[in-house]
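Take a look at the letters that make up each chain.
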Amino acid sequence: MLKKYTGIKFPPLTPKEIEEKYKETQSEMGEVLKWKKEEEKRLKSKSSKPQAISAAKRALVRVARRIDTVNGNILYWKLRNEGKSHFYAGLERSEYWDKLKGGNSEEESKED
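Residues numbered from 1 in each chain as written. Predicted model: local features only at pLDDT ≥ 70, side-chain atom pairs only at ≥ 80, totals over all residues. Heavy atoms only, no water.

Asker: What is the right way to read the overall build of the chain from this model?
Answerer: In terms of regular secondary structure, the chain is built from 3 helices and 0 strands. When the helices and strands of the chain are placed in sequence order, the string is α-α-α. Taken against the 2.2 N^0.38 rule, which gives 13 Å for 112 residues, the C-alpha radius of gyration of the chain at 19 Å runs more than 25% over that of a compact globule. A principal-axis box enclosing the C-alpha atoms of the chain has dimensions of 60 × 35 × 35 Å. Burial analysis of the chain (112 residues in total) assigns 21% to the buried set. Of the contacts formed within the chain by residues at least 6 apart in sequence, a portion of 61% connects residues at least 24 apart. Accessible area of the chain: about 9,200 Å², with a carbon and sulfur share of 55%. Counting 26 positive and 19 negative side-chain charges, the chain places the averaged centre of each group 5 Å from the other. (Helix = DSSP H or I, 4+ residues; strand = E, 2+ residues; numbered from the N terminus. Rg over C-alpha atoms; globule rule 2.2 N^0.38 Å. Buried < 20%, exposed > 50% of the residue type's maximum accessible area, 1.4 Å probe, protein only. Contact = heavy atoms within 4.5 Å. Areas by Shrake-Rupley, 256 points an atom, 1.4 Å probe, with all protein chains shown as cover. Lys, Arg positive; Asp, Glu negative; His and termini not counted. Charge placed at Lys NZ, Arg CZ, Asp CG, Glu CD.)

Pasting the structure below:
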């Protein structure tokens, strides 16, 4: 069964919508940084039990990964806000994430 091209499924975002997404992503970074402070506080607290300290250490790894993700999204929406296309901004975001993955693996190989 052949399907015909039906066109774009969703209308392109307006500049106002792009600006809203950019601001939303920046506010998300504030929430992530708040989460990081809470976990660091829990890690350094004298009254924390060993299980809580271990949980905080695991959470800090997730926080770091989330910070990288949000930074990539901020880069994407910043480029979209400047008028770049979805494809260009998506490539830049992917390259940013690849650079982070590559940087982490290089650091691990240096430690060995």
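Next comes the rest of the account.
Asker: It is not clear to me how helix 1 (residues 15–44) should be interpreted in this structure. Could you clarify?
Answerer: Count 3.6 residues to each turn of an α-helix, and residues three or four apart come out pointing the same way. Compared with an ideal rise of 1.5 Å per residue, which puts 30 residues at 44 Å, helix 1 spans 44 Å between its outermost C-alpha atoms and is within 8% of the ideal. All of the buried residues along helix 1 are Ile18, Tyr22, Thr25, Met29, Val32 and Glu39. Structurally, helix 1 contributes buried residues whose contacts are with helix 2 (50–81). (Expected span 1.5 Å × (residues − 1).)

Asker: Hey, could you run me through helix 2 in this one?
Answerer: In this model, helix 2 (32 residues) spans 46 Å end to end at C-alpha, consistent with the 46 Å of a helix rising 1.5 Å per residue. One or two residues past the end of helix 2 sits glycine 83, with phi positive at roughly 100°.

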